[in-house]
Amino acid sequence: FQLRLRAVQLGLRVVQLLLGFGDALERYTQKKSLENLASHLALQADRVWVKRNGAEELIPFGELRESDLVVVRAGSAVPVDGVVEGGSASVNESSMTGEPMGVLRSRGASVYAGTVVEAGEIHVRPTSLGKDTRMQQIVRFIEQSEQMKAGIQGRFEKLADKAVPFTFGLAALVWLCTRSLTRASSVLLVDYSCALRLATPLAILAAMDEGVKHRVMVKGGRFLEALSSVDTVVFDKTGTLTQSRPEVARVIPAEGYDEDFVLRLSACLEEHFPHPVARAVVHGAERRNLRHEEEHTEVEYVVAHGIASQWRGKRVLLGSRHYLSQDEGVDVSSMDAVVEELSREGYSLLYLALDGRLAGLIAMEDPLRPESAALVEKLRCMGVKHVLMLTGDDVRTASAVAGRLGITEFRAQVLPEDKARVVQELRSGGRVVLMIGDGINDSPALSAANVGVAISDGAAIAREIADITIAAENLFELVALRRIAQGLMSRINSNYRFVIGFNGSLIGLGVAGVLAPATSAMMHNLSTLGISLRSMTNLIDSSETTRLLES
């Protein structure tokens, strides 16, 4: 029995060594994640073009002053937070808002460091430089959030530590009262901490391994513990609830035209450009098997507005309402009722005009993931009381998407720090928050949440910052993980009750002289072995989860 006791003690030390190695690995991973974050968000701009005294100069970034006018051309990142003083450009702000489509930025508009000019040229007056930029503020926020998460110990390990002096104290008390070494040894041979320290980490490791089988990677047991009590889930919209890939949803021809003509001619013009909307129009025509011959003249691209060309001797225009109506004088009022309805439903619109007359509309959408609505409903059935959607999109689009998903709470036009602020407010209100996202712009909120979940095909930095990563193919992996987490906590609590009850009974019977020390030790070791084996069994029915994912 002494050999058995020593074997159990050796096993305990091995488990403690593994847990210590795991903690060290987690701290190392966290440090590398923050270093990678800084690397990903760094501007990598050693030199910048500025206008001084009417001439352009290439200067070192460190010499840039707030009085300078920074020149940013197509393909370049904006190196500073600032205000556009001249020019116009289509700027990709996905690093800030998560939305993939470029937005027009002209005189008077604000731009942020780290965003990218896709087409055009702008002259930017800096408002903040270096460490004061919004992107660097995001880095500092994440570092602070991660430090707050570090160093938390499980309550069951604390209980196991407290059980050791209790055991020795009880043995001493028994010996003082009975003067019987046999009865005192019965207490020492039946130890609470042994089973607690073995069963709990084994249950956690088994749960993490079970998560891997469901294509979920969890970085630590404390995140499963937090997930089991989550009552609020915050979703990023683009790339999480949606597929982050614009598609043609509807084609509405004006009087005298048909859908195929509108889409075919639009695809004929858009095939010359690589941006997401252009690809979506071309793919929309391909899905309808529409062939579009080259019958137009040279295509003129108007930055962030649209396209102009000649088709069979007629001037053809494709682009925004502002471009056709304000810049080109095309009357688009004939379809105002349709436009209002489509805008209310959250669609983005392209206008096509031929020879100064409106020919039709193309309604674009970022399609929802097929499982998104069912996932929201399933989470509510599993005890999640609040579901919130965050997006950099406008209010009308956000409202339409939220309505289709059955989400009643949403925030629109939010920047990365706004998302993190929302999460912090929810936590301050006593809620346990899970944040799920996929982009660089989601990283602050992922870090601020009790549990941050990233999608496997999202930005690398989001996966590194997040506490949990799930497969991109089906968000129902989140449901499987929630069940694993709840099952884990139920198992740990039942293990705790069994350890206290069973070992307490053995100690009581040993002190009373009913059980010999050898018998108590044997039953204690067998129960520790049994509860450890139970802790390594599956927590959820794999076949049930498979049916859920397939449905």
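Residues numbered from 1 in each chain as written. Predicted model: local features only at pLDDT ≥ 70, side-chain atom pairs only at ≥ 80, totals over all residues. Heavy atoms only, no water.

Structural notes on the overall build of the protein chain
What counts is decided by this rule: In DSSP terms, a helix is any run of H or I states spanning at least four residues, a strand is any run of E spanning at least two, and both are numbered starting from the N terminus. A 1.4 Å probe rolled over the protein chains alone gives each residue an accessible area, and that area as a share of the maximum for its type sets the label: buried under 20%, exposed over 50%, partly exposed in between. Residues count as neighbours in contact if any of their non-hydrogen atoms are within 4.5 Å of one another. Each accessible area value is a Shrake-Rupley result obtained with a 1.4 Å probe; residue values ignore everything except the protein chains displayed when judging cover.
For the protein chain, the helix and strand inventory stands at 20 helices and 20 strands. When the 551 residues of the protein chain are sorted by exposure, 50% land in the buried category. A sequence separation of at least 24 residues applies to 66% of the contacts in the protein chain between residues at least 6 apart. Accessible surface, the protein chain as shown: approximately 25300 Å² in total, 53% of it carbon and sulfur.

Here we look at the sheet that holds strand 19 (residues 451-455)
What counts here: In short, DSSP must find at least two bridges between two strands for them to pair. Axes, fitted as lines to C-alpha atoms, cover a helix only where it is in contact. Angles between the N-to-C directions of the axes lie from 0 to 180 degrees.
Strand order across the open sheet formed by 7 strands is 8-20-19-18-9-16-17, with mixed pairing between neighbours. At either end of the open sheet lies a strand with only one pairing partner, and these are strand 8 (216-218) and strand 17 (409-411). Neighbour-to-neighbour, the strand axes of the sheet open up by a mean angle of 20 degrees, direction not taken into account. As defined by bridge partners, strand 19 adjoins strand 20 (residues 468-470) across 3 bridges and the pair is classed as parallel. Looking at the pairing, Ile-455 lines up with Ile-470 of strand 20. Against the sheet, helix 7 (residues 221-228) makes contact with strand 8, strand 18 (433-437), strand 19 and strand 20, and its axis sits at roughly 100 degrees relative to strand 19, the strand it touches most. Contacts from helix 15 (residues 416-428) reach strand 9 (232-236), strand 16 (386-390), strand 17 and strand 18 within the one sheet, and its direction differs from that of strand 16 by about 165 degrees.

Considering the pairing of strand 14 (residues 348-354)
With 6 of 7 residues buried, strand 14 lies mostly within the body of the structure. Alignment of strand 13 (residues 314-319) against strand 14, held across 4 bridges, turns out to be antiparallel. Pairing of Leu-318 across the sheet is with Leu-352, part of strand 14. Bridge analysis of strand 14 against strand 15 (residues 357-365) gives 7 bridges, and the strand direction is antiparallel. Across the sheet, the residue bridging to Leu-349 is Ala-363, located in strand 15. Connecting the antiparallel pair strand 14 and strand 15 is a turn made up of 2 residues, with Asp-355 showing a positive phi of about 55 degrees.

Section: the pattern of salt bridges
Quick reminder of the rule: The salt bridge criterion pairs a side-chain nitrogen of Lys or Arg with a carboxyl oxygen of Asp or Glu, the two atoms within 4 Å.
Here the structure, examined in full by the defined rule, presents 21 salt bridges. Linking Asp-236 and Lys-419 is a salt bridge whose minimum nitrogen-to-oxygen distance equals 3.0 Å. One end of the pair, Asp-236, is in strand 9; the other, Lys-419, is in helix 15, with 183 residues separating them in the sequence. Just as Asp-236 is buried, Lys-419 falls in that class too. Between Arg-369 and Glu-371 there is a salt bridge whose closest N-O contact spans 3.9 Å. Neither residue differs from the other here; Arg-369 and Glu-371 are each classed as buried. Each of Arg-52, Arg-65 and Asp-68 takes part in a single network of salt bridges with overlapping partners.

Points about the side chain of Thr-232
Considering the arrangement of structural elements, one finds Thr-232 in strand 9. Excluding its chain neighbours within four sequence positions, the residues that come into contact with Thr-232 are Val-384, His-386, Leu-426, Arg-431, Val-432, Val-433 and Leu-434.

Overview of a nonpolar patch on the surface
This is how it is decided: Residues forming no salt bridge and having over 30% relative accessible area are the ones grouped into patches, like charges within 9 Å of each other and nonpolar side chains (Val, Leu, Ile, Met, Phe, Trp, Tyr) within 5 Å.
A cluster of nonpolar side chains, contributed by Met-522, Leu-526, Leu-529, Leu-533 and Met-536, occupies part of the molecular surface with about 470 Å² of accessible area. Assignment of secondary structure puts Leu-533 in helix 19 (residues 517-535).

Observations concerning helix 14 (residues 395-405)
Among all positions in helix 14, only Thr-397, Ala-398, Ala-400, Val-401, Ala-402 and Leu-405 are buried. The elements touched by buried residues of helix 14 are helix 8 (237-241), helix 12 (336-344), helix 13 (372-381), strand 16 and strand 17. Of the residues trailing helix 14, Gly-406 is marked for its positive phi of about 75 degrees.

Some thoughts on unusual backbone geometry
Backbone geometry places Arg-215, a non-glycine residue, at a positive phi of 60 degrees. Topologically, Arg-215 is positioned in the loop between helix 6 (192-213) and strand 8. Positive phi, normally seen in glycine, also occurs at Asn-289, with a value near 60 degrees. The topology assignment puts Asn-289 in the loop between helix 10 (276-287) and strand 11 (300-302).

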